[in-house]
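The primary structure of each chain is shown beneath.
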Amino acid sequence: MPDRLNEDTLSDLPEGIRRPAYDRRAVKTGIVHLGVGAFHRAHQAVYTDDVLGEDPRWGIVAASLRSPDTYDALQPQDGLYTLSVRSQDGEALRVVGSIGRVIVAPRATDDLLDAMADAQTRLVTLTVTEKGYCHDPATGTLNENHPDIVHDLAYLKTPRSAPGFIIEALRRRRRAGIPPFTVLTCDNLPSNGRTVKRVLTRFAELVDPELGRFVANEVSCPSTMVDRIVPATSDQDRERIGEALGVEDAWPVVTEPFTQWVIEDRFPQGRPAWEKAGAEFVSDVEPYEHMKLRLLNGSHSTLAYLGYLAGYETVADTMADPAFVRLIEGLMDEEVTPTLHMPPGADLASYKRALIQRFRNPALKHRTWQIAMDGSQKLPQRLLGTVRDRLQGGASIARLSLGVAAWMRYVTGTDEKGAPIDVRDPMAARLREIADRAGGSAEKLAGALFAVREIFGDDLPKDPRFTGAVTAHLARLYEKGAKRTVAEFRAE
């Protein structure tokens, strides 16, 4: 067996592989991160790695709230891992050292709570995906009937959810007279800082009204916009990167050259100087958030559902089809861009051109199936918010409604050849039951799915402009299939 990437083997790596330019032994923990997945390790952990040389107070303790896989991979590597940046021009490798320790929450609940309650910790950051906030995506409020929330309210000292861990840690800090940490979400939620503040405040109110007032008045939750495409790491990636390193890396991360982080600058207890690594600090993140959610994420979801149904494995494969390029360019230009209100100097045209090139990047094997996960949690902010704005202005939703219809066809759990689809979604069983009852009828399926208010709210199911467009597209997907439907698409 080859040696493993770790502190002992770091100095033996080949020249040309970038490595931490600071003494990791001098780094202190200033950040606890919840949700140590690939995106965090390709994004926030890299920005932090870039500034630790000047300010070593901001090392990261990273926690997984569910699976031990990341711990099992990174703990023997002293938290080190390889970042692979891939494009048509080749691959650049660097070893990232900002994560000092990994915790598996179910195995070490007290350890994680102690780290969050420690006065040295001034930031708790999150990438737990949309479903990790245990909220209602249609309204942005806490889902008080969520099983993890029900558990955490009953057993606050042994929480399971991200809101539960945060509120219990804040409760301990308040009791000890320690100022609250800043909560920084890096997930794709609308007005993500305000949404998280709303969820946390309500959870705290249910624990204790005084605690609720404390969270509402004292805890800062800045909004952010994060942007970087990070596909799942494959065994081929591990093998290729291991050969380049000369040692085994159990869980490297693969990403694209592009990266962006826009942050609302509200950090009462201080923060890393992420601007030195390229982050942008602004007073209002919402325009950038809408730009990214609606242009990148909305297009990504549309490509994922239609591309998967058309038989394309990756986004790059899908974008090799000129009909899909026309559809996505039209979605961006005709339906999304008019809903955006960017500050002076923002170059939307360049951003959209760059997106098309990023989607086409053949070096990133970003699977349509991966992007299609958790659609019930993603549709409201990726597509439905834009739909509402367009309907309010009396404008066309032809392409947006096709993306929604493709999601409906996808969650039936059976593809166009009759093969099963592995639908990964918190509502998968409920959605499959609806689809089975519909029996292949577009009208019945659409009507039943519109009734899922957690996704569509109370307004959209009552608007025939929306329901009619989606149902008509769904009927075409059943009749003609996704590839032909996209090829024949013509906006009204």
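As the structure is a computational prediction, the values presented were derived from the model and not from experiment. (Residues numbered from 1 in each chain as written. Predicted model: local features only at pLDDT ≥ 70, side-chain atom pairs only at ≥ 80, totals over all residues. Heavy atoms only, no water.)

## Some details on helix 16 (residues 375-392)
Its 18 residues place the ends of helix 16 24 Å apart at the C-alpha level, agreeing with the 26 Å of an ideal helix rising 1.5 Å per residue. Within helix 16, the axis deviates most sharply at Leu384, by approximately 45°. Burial analysis of helix 16 places 15 of its 18 residues in the buried class, which makes it a mostly covered element. (Helix = DSSP H or I, 4+ residues; strand = E, 2+ residues; numbered from the N terminus. Expected span 1.5 Å × (residues − 1). Bend = angle between axes of the 7 residues up to and from the residue. Buried < 20%, exposed > 50% of the residue type's maximum accessible area, 1.4 Å probe, protein only.)

## As for the environment of Leu10
Take Leu10: it is sitting in helix 1 (residues 7-10). In sequence terms Leu10 and Pro159 are 149 residues apart; their C-alpha atoms lie 37 Å from each other. Each residue touching Leu10, except ones within four places of it in the same chain, is listed here: Leu5, Arg19, Pro20, Leu80 and Val95. (Contact = heavy atoms within 4.5 Å.)

## Overview of the packing of helix 19 (residues 442-450) against helix 21 (residues 464-480)
Contact geometry for helix 19 and helix 21: axes closest at 9 Å, N-to-C directions at 135°. By the angle class used here, helix 19 and helix 21 are oblique. Crossing hand, helix 19 versus helix 21: right-handed. On helix 21, the residues that touch Ala442, Glu443, Leu445, Ala446 and Phe450 of helix 19 are Phe466, Thr467, Val470, Thr471, Leu474, Ala475 and Tyr478. (Axes fitted to C-alpha atoms, helices over the stretch in contact; angles between N-to-C directions. Parallel < 35°, antiparallel > 145°, perpendicular 65-115°, else oblique. Left-handed = near helix turned anticlockwise from the far one by under 90°.)

## With respect to the sheet that holds strand 4 (residues 90-96)
What the 3 strands build is an open sheet, ordered 4-3-11; its pairing is mixed. Taken across any chain shown, the strands that pair with only one partner, and hence form the sheet edges, are strand 4 and strand 11 (253-255). Recorded for the sheet is a direction-independent mean angle of 20° between the axes of neighbouring strands. Examined bridge by bridge, strand 3 (residues 81-87) and strand 4 share 7 bridges and lie antiparallel to one another. Directly across from Ser87, in strand 4, lies its bridge partner Gly90. Packed on one face of the sheet, helix 3 (residues 44-51) meets strand 3 and strand 4 and runs near 65° to strand 4. (Pairing = 2+ DSSP bridges.)

## A few points about the nonpolar core
With 88 residues, the main nonpolar core has Leu295, Leu306, Phe359, Trp407, Met408, Phe456 and Phe466 as its most contacted residues. If you look at the next biggest cluster of nonpolar residues, it comprises 38 residues, including Val32, Leu142, Ala162 and Val183. (Core = buried A, V, L, I, M, F, W, Y, C linked by side-chain atoms within 4.5 Å.)

## Focus: the packing of aromatic side chains
What the rule picks out here adds up to 11 aromatic pairs. Here the aromatic rings of Tyr308 and Tyr410 are separated by 5.2 Å at their centres, their planes lie at 85°, and the arrangement is edge-to-face. Of this pair, Tyr308 sits in helix 11 (residues 286-309) while Tyr410 sits in helix 17 (residues 398-410), and the two are 102 residues apart along the sequence. A relative accessible area of 21% places Tyr308 in the partly exposed class. Here the aromatic rings of Tyr312 and Phe324 are separated by 5.7 Å at their centres, their planes lie at 85°, and the arrangement is edge-to-face. With Tyr312 in the loop between helix 11 and helix 12 (315-319) and Phe324 in helix 13 (residues 322-336), this residue pair connects regions lying 12 residues apart in the sequence. Residue classification places Phe324 among the buried positions, given a relative accessible area of 0%. Taken together, the aromatic side chains of Trp407, Phe450, Phe456 and Phe466 make up a single cluster linked through ring pairs. Cation over ring: Arg238 sits above Trp251, and NZ or CZ is 5.6 Å from the ring centre. Above the ring of Phe281, the side-chain terminus of Arg271 is found at 3.6 Å from the ring centroid. (Phe/Tyr/Trp six-rings, centres within 6.5 Å; stacked < 30°, edge-to-face > 60°. Lys NZ or Arg CZ within 6 Å of the ring centre and 35° of its normal.)

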